[in-house]
Amino acid sequence: MTGTAIELRGVTKSFAGAERPAVAPLDLTMNAGEITVLIGPSGCGKTTTLRMINRLVNPTAGTITIGGTDIREQSLTDLRRSIGYVIQQIGLFPHRTVAQNIATVPKLLGWDKARTNARVAELAELVGIDPSMLKRYPAELSGGQQQRVGVARALAADPPVLLMDEPFGAVDPIVRAHLQDELLALQSRVHKTIVLVTHDIDEAILLGDRVAVLNVGGILEQVAPPDELLAEPANEFVSSFVGNERGIKRLSLAQVGLLELEPGPVVPRRASATDIKAAVDAAGVDWIGVTDDGRLAGWVPLDDLDLDGTAPLDGAALRPVVAQLRPSSSLRAALEVILTARSSTALVADEDGTYLGAVTLETIRGGLAS
Amino acid sequence: MTTRRKVTCAVLAVGLIAFGIWAANRISGLSEDTQATNPLFRWEYLFTRERTPEELWQNTREHLELTVWSVLIGIVLSAVLSALVLRFRWLRAAIFTFAGVLYTIPSIALFAILSTYNSNFTAAIIALTSYTLLILTRNFVAGIDAVPQAALDAADGLGMSRVQRLAKVEIPLAMPVILTGIRVATVTVVGLVGISAVIQLGGLATYIFDGYNRNYPTLMVLGTVATIILAVALDLVIRGVEWVATPWAHRRVAR
Amino acid sequence: MSALLAQTGDPTNFWQWMTDSSERTVTGDIPSQVWTTLWHSVLAFAIAAAIAIPLAAVLAHFRRAEVLSTWLVNIGRLIPTVTIVAVFVLISLRNGYGFEPWPIVIALVLLAIPPLYANTYTAVRDASPEAVGAARAMGLTELEILRQVELPLATPLILAASRVAITQVVATEALAALFGGTGLGQYITFGIANRDIYEVQAGAILVAGLAITVDLVFWFVTRFLVPKPLRPAPSSHRAMKASRPTRSIAIPTPSLGGNP
């Protein structure tokens, strides 16, 4: 774990001429190595709070400590060089190449050329930039690529803390989904303390280890892991902010592997007609799934089978199982598959095809209730 | 290079070569005494008269001196003025109006009146510099204002000091507009230098007035063409500097 | 020239020179010279405007000849004003045409065309594309769109460009005197020739004064004619998005070439 914890104590920000403070006294801890998401409606001070951490905005009152050290004890530029900063408009320097952009903070810190180049190459691989792009200028890159460079630039000096202000807001939804997944993958490798501001609740639930919901004026309504936020919102504001589809949103947090799977209408190829009939009756469907050596091989509609012989599945024409899930699939994906599958049943197999069980609506409901 | 650019270059090249051949034809066999068939421009003045290259060089040098000094001093003064405008926004109207008024004063008048209090050369430099102020200040300010806010925010967030941000981000990104301003100012000054002939300077335009006074059209043509060539040459040189200094501004977008 | 500072003699100061006409070497009195300069300039400006503005407006509306327009501007900027005047004097002398007034007026017309053309072109071309699109959708003919939408929207910039152009023309008119013409420039040239320091100063102040006055008059006219919503906004806000350099013919606030 390379991150350090951030603590905000009594942090307040008032702008001149405003009646109420933009951020009322705020107490919040961002745990080391976690992604903490700040979310809330316009005017809740989430961006202001973020920018107080690297002192782009100075608090009117209160203290902020990183790793136990008050941020005011360091010089301004030293502080900022030890914190990564990613913004919505990306803000790459148009007059420098991708490699030079990434190397900005190392250069400011005085690293030598060899070390800088090595680090740039390492980061390019980490965020998924092709090495051939390092010599290009930002204007030649797409939005998604530019933001990847932005993230690489923020991580260049290996800061323990990373601040992200609506980092994926400026790209289209498909690219955004990719970038979100890549951020999670990245975090699993580097374990930084990340503070991320967003206004998208789905993004918060997907990315956050803990989510802090702020109300207008910087009032902290609730801070909790996403599942707790969805299952037990602290008050009416939080529950209405999180939205009505809390149950469905929770589905995206749980995984199929955690469910108690049913045996399902699946038999080995050598199975007898009796076994087939038994499995089909138990599941209440009109088809049968087939495994070879425990691996899911396909399925056959009952009508296509001749149930009178021995081993009726031998030589039967198998169809590929489309409604298939992995143990790592989210319950939300499972629900999606079930809704479109034949007989509303999906089969679960792991990466090498080993059949694990079947999932139906009942299975999911059973899993949520626990 | 786009096809249009290539075609333009090709046409210009062909035209120049054709002109060169025609001119060479005319020149061969001429001596100082020969009456050229075209009284408008006597080629022998340019190519066979002994003192011409030296005089040409003298005038060019004078022209360049006036131009370069004025533009350089103009850049320094405009940098100061722009810094003031950028720092104290309320000065903007005052400074631009001041520079604008200077710009409006006809150069012949400014040359004349300054020369009554200074040497001719000084008067010319002061006048020419004052003409560059409006163009340069306006472009310097516009250039810095055009720098995207996101890049500045990122620079701050990454830990650049104010000075580092200015030197590494703001000024480089403002370069295209700044260099364009310098180019326009330079070409403008080249044109104005000619008018300093009224106070016995004039650079290459001296030829124009000599030719007029002595009723010798060759000199007028020479002065005219030489001034234009100088203006074009300086324009191209600075465009070249622009091209080299801002590689990022003209790369193709590969989206 | 600084040697003139040491010269004493009649008249003893600038004001005396202005009021006492006996010492002057230029024929005609001051008001008539002012008038000469003025009507040369206004005539030249009017002709240039009549040529450049409609042409630019039509071409810009139909989006034609953009390359030509760029080149016209560049050339207009590169050719020094002295040269233009000189060329025309030259031609007129060779061909035996009289000096007054056509050589100088034509030279001034040529001088005024590039800035007027360029700024009109840009102004019409960039006039609120949304408004133009809406007008087209409502069924206005192309000419109606030009007259009722684009030109009114372009008027502030065209007026601003006119102000610059006519000021340049007034200033260049003084150059006519260098080639034996009439007008206010004579005071300067004669003054230098005769080493009459006050004549030079007077001439310079008169020329400058006229130019500034014309500039102010046009500034006033512009303020008066342009309704508030259309006045160009003071631009000091930084762009939030990364800005790519746009291709434009002229620098946004109109001014091209030097003030001769």
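Residues numbered from 1 in each chain as written. Chains lettered and ligands numbered in written order. Predicted model: local features only at pLDDT ≥ 70, side-chain atom pairs only at ≥ 80, totals over all residues.

Structural notes on the overall build of chain C
Now for step 1: Regarding its fold elements, chain C presents nine helices and zero strands.
Now for step 2: Listing the helices and strands of chain C from first to last along the sequence gives α-α-α-α-α-α-α-α-α.
Now for step 3: Pairs at least 24 residues apart make up 77% of the contacts formed inside chain C by residues separated by at least 6 positions. (Helix = DSSP H or I, 4+ residues; strand = E, 2+ residues; numbered from the N terminus. Contact = placed C-beta atoms within 7 Å.)

Some points on the pairing of strand β12 (residues 287–292) of chain A
Residue and element names in this part refer to chain A.
Now for step 1: Note: strand β11 (residues 266–268) against β12, three bridges, orientation parallel. Across the sheet, Val 267 pairs through a bridge with Val 290, a residue of β12.
Now for step 2: Taken together, β11, helix α12 (residues 273–283) and β12 constitute a β-α-β crossover, and its handedness is right-handed.
Now for step 3: Bridge analysis of β12 against strand β13 (residues 295–301) gives six bridges, and the strand direction is antiparallel. Paired with Gly 289 across the strands is Trp 299, a residue of β13.
Now for step 4: Linkage of β12 to β13, two consecutive antiparallel strands, is achieved through a turn of two residues, within which Asp 293 is found at a positive phi near 50°. (Pairing = 2+ DSSP bridges. Right-handed = clockwise from strand over helix to strand, strands pointing away.)

Here we look at the nonpolar core
Now for step 1: Phe111(B), Val85(C), Ala112(C), Ile188(C) and Val207(C) are the most contacted members of the largest nonpolar core, which totals 208 residues.
Now for step 2: Beyond its immediate sequence surroundings of up to four residues, Val207(C) is in contact with Pro106(B), Ile108(B), Ala109(B), Ala174(C), Leu184(C), Gly185(C) and Ile188(C).
Now for step 3: Of all hydrophobic cores here, the second largest spans 19 residues; its members include Val266(A), Leu331(A), Val337(A) and Ala358(A). (Core = buried A, V, L, I, M, F, W, Y, C linked by C-beta atoms within 7 Å. Buried ≥ 20, exposed ≤ 12 C-beta atoms within 10 Å, placed from the backbone.)

Here's the deal with the sheet that holds strand β15 (residues 346–349) of chain A
All names here are of chain A.
Now for step 1: With respect to topology, three strands assemble into an open sheet ordered β14-β15-β16, the strand pairing being mixed. For this open sheet the edge positions go to β14 (324–325) and β16 (355–359), each flanked by a neighbour on one side alone.
Now for step 2: Here β15 runs beside β16; their pairing, made up of four bridges, is antiparallel. Within β16, the residue paired with Leu 347 across the bridge is Ala 358.

Overview of the interface of chain B and chain A
Now for step 1: Residue-level contacts link 20 residues of chain B with 20 residues of chain A.
Now for step 2: Elements represented by at least two residues in the side of chain B that touches chain A include exactly α7 (149–158) and α8 (162–193) of chain B.
Now for step 3: Per element, the largest residue contribution to the side of chain B that touches chain A is seven residues, and it comes from α7(B).

Structural notes on the sheet that holds β12(A)
Residue and element names in this part refer to chain A.
Now for step 1: The three strands lie next to each other as β11-β12-β13, forming an open sheet whose pairing is mixed. Whereas interior strands pair on both sides, the edge strands pair on one side only; in this sheet they are β11 and β13. The sheet shows a mean angle of 35° between the axes of neighbouring strands, taken without regard to direction. (Axes fitted to C-alpha atoms, helices over the stretch in contact; angles between N-to-C directions.)

Focus: unusual backbone geometry
All names here are of chain A.
Now for step 1: Its identity as a non-glycine residue notwithstanding, Ile 90 has a phi of 70°, on the positive side.
Now for step 2: Residue position: Ile 90 is located in the loop between β6 (83–87) and α3 (98–102).
Now for step 3: Of the residues examined, Ile 90 has 25 C-beta atoms within 10 Å and is grouped as buried.
Now for step 4: Phi at Asp 293 takes a positive value of approximately 50°, unusual for a residue other than glycine.
Now for step 5: Structurally, Asp 293 can be placed in the loop between β12 and β13.
Now for step 6: Here Asp 293 falls in the exposed class, since 9 other C-beta atoms lie within 10 Å of it.

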